[in-house]
Structures are given as C-alpha cells and as structure tokens.
Amino acid sequence: MVNPVHLRTLLEVIRHGSFSGAATSLGYTASAVSQQMSALERDTGATLFTRAARSAIPTDAALAMSRHASKVLTDIDALLASTARAGTGPAHELRLGIFPSLVTFALPRLLRMPEWQRLGVSLRVFVGEPAHTIQGLRTGGDLDLALVYQVGQAGLAWPSTLSRQWIGDDDFRVILPASWGIRSGSRVTADQLADMPWIMHHPGTADATVIERLFASCNLHPRIAAYCDDFNASLELTAAGLGAALVPELAMVNRPEGIVALDVPEIRLARSIFALRTGDADDARVRLFMDQLADILRGQSIGPKHTAPGYARTSGS
C-alpha cells in the first residue's frame, strides 16, 4: 500500500526541487523527507529521483506518479470530510479566523469554487486583526484555524502550543495618486519621494515601527498627511490625491481608479502570512481548506502551492 503522506511529500519535493525545500515547507527534517521518498521507491519499485548534493531531480516515473497523486489526495480528503459529516455534532464546520484584506480577496473566490462546494464543509468566519483571532485559538477558544500576518519579526506572539504553517509573503507596494503625473510602474528612488505627503500607520504600533525604521534606513522622513491603519481608507485617500501610501498587494485587489504603483528599490517590505491552529491532529477540514486557499493564492503569486500536509511547530514569534 502506498502511504498518502509520502505522496504529499513527493509533490512538495518535485515543486521545490530538493528534499530540504520540501522539508521547510512541510515542517519536516530533510532526513525525514529523504526517508519517505526511499520508502515510496520501495513500495512502488520505481526510482523517483536522481539525487545530488543540493537537489533532487524527478524521474519520468516520479512525474507520472505526481500527475495522479494530486487527484488521489483530493479524493482521500473528500472521503475524510464526508465521513466527518456523517458523524454526530458539528464535525463538518470549520471555524476560521482571518484578517480583513485576506478575507476580501480569498473567501468570496473560495466559496464560489465548485470543488469547495462539493466538499460540504461549512465555514463560520471571524474577521479581525491577528491579535484578536489568536485569542480565539487559546484553550477552549472559538476557532479551529486562524490566518494571521506579521510584519518583520516583532509585534505578534502566539502560545507555544499552537502549530504554525507559513502560507506566503504579501509584498507591500508604494502607491501614489495618478494626478501627480508619475507613470505606473516607474522606478524611482526614495529621495524622489522625500518631499511628498504620506499616509502612514498610527505611531506606536508594531507595523508602524517597522515601516518607520525602513524609511529611516532610506533617509526618508515623510511629511505626514494622514494617519490610517485601514488599507481601504488609505487607498481611497491616495486616489483622492491626499498622499502616497504603502499598501500590501492583497489590499490592492479592489483598488479604486486614480492610483499608480511604483517600483522603489530601497523600499522592500512584505508581511508574512501564517496559518495557526491548536494541537497536532491532522484535521481533514483544515487540510481541505488549506488546499483550496493555496489554489487561490497561487494566482496572486503568494506562497507555497501545497500547504495542507503538515504544520511546523514553533515556540512563538
């Protein structure tokens, strides 16, 4: 019998091109990934990879197996979800905490996907900033899964009992009013933005501190036109000509007319998106949701393409 866990790992090794890359994505060690692939080769009687010091090149047999593995794994997840629904109690419900810009971009798309609708897993959604949704994951909390973000390495912490999976990085973009006459996509220096009015985060927050330090490193000391922590409001104010702003890609999906995005090499910033959950149990509902979310974020060029197989344990961040 082929172990489905090994099939998931196979897909990750092919996607990353190395055992170490797959290990990082899945929360395993490189040695564990290598052992799984050796076991899969024994079970199937096929040579799956040409191994090198820093890479693993898939053979034709591995590529052929991968084409069938995705469907097999989806069928297994659907089977587990169907079994859960047949039981008593609210086993079919997934209680999700999620931050505003991700819910605006991802959830409407997910809920309209026929693949998701066929699974029959219902969502109960709590929209809020990461600090609030993390509270719902504590012992006896109201959530099964929380999708959160972190800018830099500070400002957000979670208990060591939570499992963490990195989803991807949401890059920030420098945006300006189109009325200022700079063409969208233009490459400019931080010095060229020095005298412009800016819409900034409220001082004292962790995000604001990271951005202030980044700007200071570029010798950019902005003239403040507004303080605003709501990206939708910042977009509208920018479109109206009030000032420049730094806004993440996810928040720009439904941006208004009258905005241009610039390339400023000195200003490179992203917020990391994580999935947090309690316990170590492998939950079919969570894996199904994460698979569908990965498909959606792939179109936004954010993060791993297969996030479901495991959750890396972290001691907090």
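Everything here concerns the structure above.
Just so we're clear, the structure is a prediction, and the values are computed from it rather than from any experiment. (Residues numbered from 1 in each chain as written. Predicted model: local features only at pLDDT ≥ 70, side-chain atom pairs only at ≥ 80, totals over all residues. Heavy atoms only, no water.)

Enquirer: Give me the overall build of the protein: which residues, what numbers.
Expert: In terms of helices and strands, the protein carries 10 helices and 12 strands. Counting contacts in the protein only where the partners sit at least 6 residues apart, residues at least 24 apart contribute 74% of the total. Surface accessibility of the protein: about 15,000 Å² in total, with carbon and sulfur atoms responsible for 52%. (Helix = DSSP H or I, 4+ residues; strand = E, 2+ residues; numbered from the N terminus. Contact = heavy atoms within 4.5 Å. Areas by Shrake-Rupley, 256 points an atom, 1.4 Å probe, with all protein chains shown as cover.)

Enquirer: How would you summarise the nonpolar core if you had to cite specific residues and measurements?
Expert: Grouped together as the largest cluster of nonpolar side chains are 63 residues, with contacts concentrated most on Leu102, Leu193, Trp198, Phe215, Ile267 and Phe289. The greatest single-element share of this core, amounting to seven residues, is contributed by helix H10 (residues 284-298). Leave out the neighbours within four places in its chain, and Trp198 touches Val174, Leu193, Phe215, Leu220, Pro222, Arg223, Ile224, Ala225, Ala226, Ala244, Ala245 and Leu246. (Core = buried A, V, L, I, M, F, W, Y, C linked by side-chain atoms within 4.5 Å. Buried < 20%, exposed > 50% of the residue type's maximum accessible area, 1.4 Å probe, protein only.)

Enquirer: Just give me the short version of the environment of Ala245, but keep the residues and values in it.
Expert: In this fold, Ala245 is placed in strand E9 (residues 244-248). The residues contacting Ala245, other than those within four sequence positions of it, are Arg173, Val174, Ile175, Trp198, Ile199 and Thr238.

Enquirer: Summarise the pattern of salt bridges; cite the residues concerned and give the values.
Expert: Tallying each qualifying case throughout the model produces eight salt bridges. Between Arg15 and Glu12 there is a salt bridge; the shortest N-O distance is 3.1 Å. Taken together, the positions of Arg15 and Glu12, both in helix H1 (residues 4-16) and three residues apart, correspond to about one turn of that helix. Overall, Arg15 belongs to the partly exposed group, its relative accessible area being 31%. For Glu12, a relative accessible area of 0% corresponds to the buried category. With a shortest N-O distance of 3.4 Å, Glu93 and Arg124 are connected by a salt bridge. Of the two residues, Glu93 sits in strand E3 (residues 93-98) while Arg124 sits in strand E4 (residues 122-127), which places them 31 residues apart along the sequence. (Salt bridge = Lys/Arg side-chain N within 4 Å of Asp/Glu carboxyl O.)

Enquirer: Explain the packing of helix H5 (residues 100-112) against H10 to me, and be specific about the residues and the numbers.
Expert: Two elements in contact, H5 and H10, have axes whose closest approach is 10 Å; the angle formed by their N-to-C orientations is 110°. Here H5 is positioned roughly perpendicular relative to H10, judged by the angle of their axes. The residues of H10 that touch H5, namely those facing Leu102, Phe105, Ala106, Leu107, Arg109 and Leu110, are Phe289, Gln292, Leu293, Ile296 and Leu297. Counted by class, the contact of H5 with H10 contains nine nonpolar, one polar and one charged residues. (Axes fitted to C-alpha atoms, helices over the stretch in contact; angles between N-to-C directions. Parallel < 35°, antiparallel > 145°, perpendicular 65-115°, else oblique. Nonpolar A, V, L, I, M, F, W, Y, C, P; charged D, E, K, R; others polar.)

Enquirer: I'd like a description of the packing of aromatic side chains, backed by residues and values.
Expert: Evaluation of the coordinates by the stated rule reveals four aromatic pairs. For the ring pair Phe99 and Tyr149, a centre distance of 4.9 Å and an interplane angle of 75° mean the geometry is edge-to-face. Of the two residues, Phe99 is situated in the loop between E3 and H5 and Tyr149 in strand E5 (residues 145-151); the sequence distance between them amounts to 50 residues. With respect to burial, Phe99 and Tyr149 carry one shared label: buried. Just above the ring of Phe105 sits the side chain of Arg109; from NZ or CZ to the centre is 4.2 Å. The ring of Tyr149 has Arg271 sitting right over it, with the charged end atom 4.6 Å from the ring centre. (Phe/Tyr/Trp six-rings, centres within 6.5 Å; stacked < 30°, edge-to-face > 60°. Lys NZ or Arg CZ within 6 Å of the ring centre and 35° of its normal.)

Enquirer: Hey, could you go over the environment of Phe19 for me, with residue numbers and the actual values?
Expert: Topologically, Phe19 is positioned in helix H2 (residues 19-26). When the C-alpha atoms of Phe19 and Ser31 are compared, they prove to be 8.0 Å apart, with 12 residues separating the residues in sequence.

Enquirer: Residues and numbers for H5, please.
Expert: Relative to the 18 Å expected for 13 residues at 1.5 Å per residue, H5 spans 18 Å between its end C-alpha atoms, a close match to the ideal helical length. Approximately 35° is the largest bend angle found in H5, and it occurs at Ala106, with the proline Pro108 only one to four residues beyond. Where H5 is concerned, the buried positions are Ser101, Leu102, Val103, Phe105, Ala106, Leu107 and Leu110. Residues of H5 that are buried make contact with E3, helix H6 (114-119), E4, E5, strand E11 (270-278) and H10. (Expected span 1.5 Å × (residues − 1). Bend = angle between axes of the 7 residues up to and from the residue.)

Enquirer: Quick rundown of the pairing of E9? Include the residues and the values.
Expert: Strand residues, when the strand is regular, have side chains that alternate between the two faces of the sheet. Burial analysis of E9 places five of its five residues in the buried class, which makes it a mostly covered element. Burial of the side chains of E9 extends over both faces: Ala244, Leu246 and Pro248 are buried on one face and Ala245 and Val247 on the other. Bridging between strand E6 (residues 162-177) and E9 involves four bridges; their strand directions are antiparallel. Its bridge partner being in E9, Ile175 is matched across the sheet by Ala245. Examined bridge by bridge, strand E7 (residues 197-200) and E9 share two bridges and lie parallel to one another. The partner of Ile199 across the bridge, within E9, is Ala245. (Pairing = 2+ DSSP bridges.)

Enquirer: Give me the pairing of E11: which residues, what numbers.
Expert: Bridge count for E5 against E11 is seven bridges, and the pairing is antiparallel. Paired with Leu147 across the bridge in E11 is Ala275. Bridge analysis of E6 against E11 gives nine bridges, and the strand direction is antiparallel. Counted as the bridge partner of Asp170 is Arg271 from E11.

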